[in-house]
Amino acid sequence: EAGVAQSPRYKIIEKRQSVAFWCNPISGHATLYWYQQILGQGPKLLIQFQNNGVVDDSQLPKDRFSAERLKGVDSTLKIQPAKLEDSAVYLCASSLEGTSRAAFFGQGTRLTVV
Amino acid sequence: AQSVTQLDSQVPVFEEAPVELRCNYSSSVSVYLFWYVQYPNQGLQLLLKYLSGSTLVKGINGFEAEFNKSQTSFHLRKPSVHISDTAEYFCAVSGAQGAQKLVFGQGTRLTINP
């Protein structure tokens with residue numbers, strides 16, 4: 001079974017630039033999550049999708065972050081404009097049935113904002 | 001809402017020694033509990049999970065954890081560690097109902113010395 005695919009693996013941008021990350025979940029997984037992991041901290045949920053609808057985006061900084069999941073499969077997370085404090089690893093995860101009981105994580109995208 | 005506290009940010013041990021990584025949680029509702037491992041530049045891999053039933057949970061790579069409801073703890077143990085166990089370990093909690101959002105602790109860096 002293929003895992004959660006994310007790209008790119010690494011990205012370096014200057015502050016105020018924009019950036020986008022892509023995630024392809026495990027086939028058949030209805031729920032998709034985006035997490036932000038700042039160095040030295042645990043992952044923090046940014047947004048949760050159930051199919052192509054948003055379940056929870058309470059911790060997404062909506063003035064600069066946006067996410068979409070067209071057709072209930074792939075998802076993109078965008079930051080515009082980026083700030084220095086956005087430097088982090090962005091992890092995508094997916095699970096069946098909207099439950100965290102069997103969430104599988106991708107390898108993440110490491111973003112460095114300079 | 002749930003929260004997780006990992007009591008040790010770093011744990012150094014010698015190879016073949018036993019190890020315990022401590023995790024306490026807070027929740028007003030029933031919970032599911034998880035331990036994830038993160039190797040350098042990798043995503044999160046599920047080690048084990050407690051959903052219900054036996055309070056002693058066995059996971060991959062020889063790890064086990066015990067759910068203690070009265071002490072609100074879910075400590076991770078391994079009787080004999082190997083160099084390859086060097087990694088960051090995250091305890092996570094989710095409510096057993098509703099959106100079941102995963103909330104992570106700050107992580108414990110386990111370093112195995114030869």
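So, how was this worked out
Residues numbered from 1 in each chain as written. Chains lettered and ligands numbered in written order. Predicted model: local features only at pLDDT ≥ 70, side-chain atom pairs only at ≥ 80, totals over all residues. Heavy atoms only, no water. Core = buried A, V, L, I, M, F, W, Y, C linked by side-chain atoms within 4.5 Å. Buried < 20%, exposed > 50% of the residue type's maximum accessible area, 1.4 Å probe, protein only. Contact = heavy atoms within 4.5 Å. Buried area = accessible area lost by both parts, 1.4 Å probe. Polar contact = N/O pair within 3.5 Å; in protein donor to acceptor, adjacent residues only side chain to side chain. Helix = DSSP H or I, 4+ residues; strand = E, 2+ residues; numbered from the N terminus. Nonpolar A, V, L, I, M, F, W, Y, C, P; charged D, E, K, R; others polar. Pairing = 2+ DSSP bridges. Disulfide = S-S within 2.5 Å. Axes fitted to C-alpha atoms, helices over the stretch in contact; angles between N-to-C directions.

Chemist: How should I be thinking about the nonpolar core in this particular structure?
Modeler: In globular proteins that are soluble, nonpolar side chains generally tend to be buried together. Core analysis: the largest hydrophobic core is formed by 27 residues, its most contacted members being Trp35, Leu48, Leu76 and Tyr89 of chain B. Residue contacts for Leu48 of chain B: discarding those within four places in its chain leaves Leu33, Phe34, Trp35, Val57, Lys58, Gly59, Phe63, Glu64, Ala65, Phe74 and Leu76 of chain B. Among the nonpolar cores identified, the runner-up in size contains 21 residues, and Ile13, Val19, Phe49 and Tyr90 of chain A belong to it.

Chemist: Quick question: what am I supposed to make of the interface of chain B and chain A here?
Modeler: Note on interface size: it is often stated as the accessible area lost on association of the parts. Listed per partner, the contact involves 19 residues of chain B and 25 residues of chain A. Taken together, both faces of the contact between chain B and chain A bury some 1,700 Å²; the carbon and sulfur share is 46%. The largest share of the area that chain B buries against chain A comes from Asn41, Leu44 and Lys101 of chain B, three residues that together contribute 29% of it. Between the two partners, chain B and chain A, sit three residue pairs in polar contact (both at pLDDT 80 or more). Those elements that place two or more of their residues in the side of chain B that touches chain A are β5 (31–38), β6 (44–50) and β10 (87–95) of chain B. For the side of chain B that touches chain A, the element with the most residues is β5 of chain B, which contributes four residues. Taken together, the residues of the side of chain B that touches chain A break down into nine nonpolar, eight polar and two charged.

Chemist: Whenever I open this one, the pairing of β10 of chain B confuses me. Can you help?
Modeler: Remember that side chains alternate between the two faces of the sheet whenever the strand is regular. Residues and elements named next belong to chain B. Of all nine residues that make up β10, nine are buried, and the element is covered over most of its length. Sheet analysis places β5 next to β10, joined by eight bridges and oriented antiparallel. Paired with Leu33 across the two strands is Val93, which belongs to β10. Examined bridge by bridge, β10 and strand β11 (residues 103–104) share two bridges and lie antiparallel to one another.

Chemist: Just checking my understanding: could you explain the environment of Thr5 of chain B for this structure?
Modeler: Residue and element names in this part refer to chain B. Along the chain, the position of Thr5 falls in strand β1 (residues 3–6). Residue Thr5 is classed as partly exposed on the basis of its relative accessible area, which comes to 43%. When the C-alpha atoms of Thr5 and Gly53 are compared, they prove to be 23 Å apart, with 48 residues separating the residues in sequence. Ignoring anything within four residues of it in the chain, the contact list for Thr5 reads Arg22, Cys23 and Asn24.

Chemist: How should the state of the cysteines be read in this particular structure?
Modeler: In a disulfide, the sulfur atoms of two cysteines are covalently bonded to one another. Residue and element names in this part refer to chain B. What the rule picks out here adds up to two disulfides over all chains. The disulfide that involves Cys23 links it to Cys91, with 2.0 Å between the sulfurs. Around the S-S axis, the bridge from Cys23 to Cys91 shows a dihedral of about -65° and counts as left-handed. Note that Cys23 is positioned in strand β4 (residues 23–26) and Cys91 in strand β10, a separation of 68 residues in sequence. Here the two residues Cys23 and Cys91 agree in accessibility, since each one is buried.

Chemist: Sorry if this is basic, but what is going on with the environment of Glu66 of chain B here?
Modeler: With respect to the element layout, Glu66 of chain B can be found in strand β8 (residues 64–68). Beyond its immediate stretch of four places on either side in the chain, Glu66 of chain B contacts Thr55, Leu56, Ser73, Phe74, His75 and Arg77 of chain B.

Chemist: In this structure, what is going on with the sheet that holds strand β8 (residues 75–79) of chain A? I would like to understand it.
Modeler: In sheet architecture, strand pairing relies on hydrogen bonds along the backbone and comes in two forms, parallel and antiparallel. Residue and element names in this part refer to chain A. Taken in spatial order, the four strands of this open sheet run β1-β3-β8-β7, and their pairing is antiparallel. Where the open sheet ends on each side, the last strands, each with one partner, are β1 (5–7) and β7 (65–68). Neighbour-to-neighbour, the strand axes of this sheet turn through a mean angle of 15°, independent of strand direction. Taken together, the five bridges between strand β3 (residues 19–24) and β8 define a ladder with antiparallel strand orientation. Residue Cys23 lies in a different strand from β8, and its bridge partner there is Ser75.

Chemist: Quick question: what am I supposed to make of unusual backbone geometry here?
Modeler: Peptide bonds are, in most cases, trans, and in most cases residues other than glycine have a negative phi. Residues and elements named next belong to chain A. In this structure, Pro8 follows Ser7 across a cis peptide bond, with omega equal to -10°. Within the secondary structure, Pro8 sits in the loop between β1 and β2 (10–13). In this model, Gln80 is joined to Pro81 through a cis peptide bond whose omega is -5°. Along the polypeptide, Pro81 turns up in the loop between β8 and β9 (88–95).

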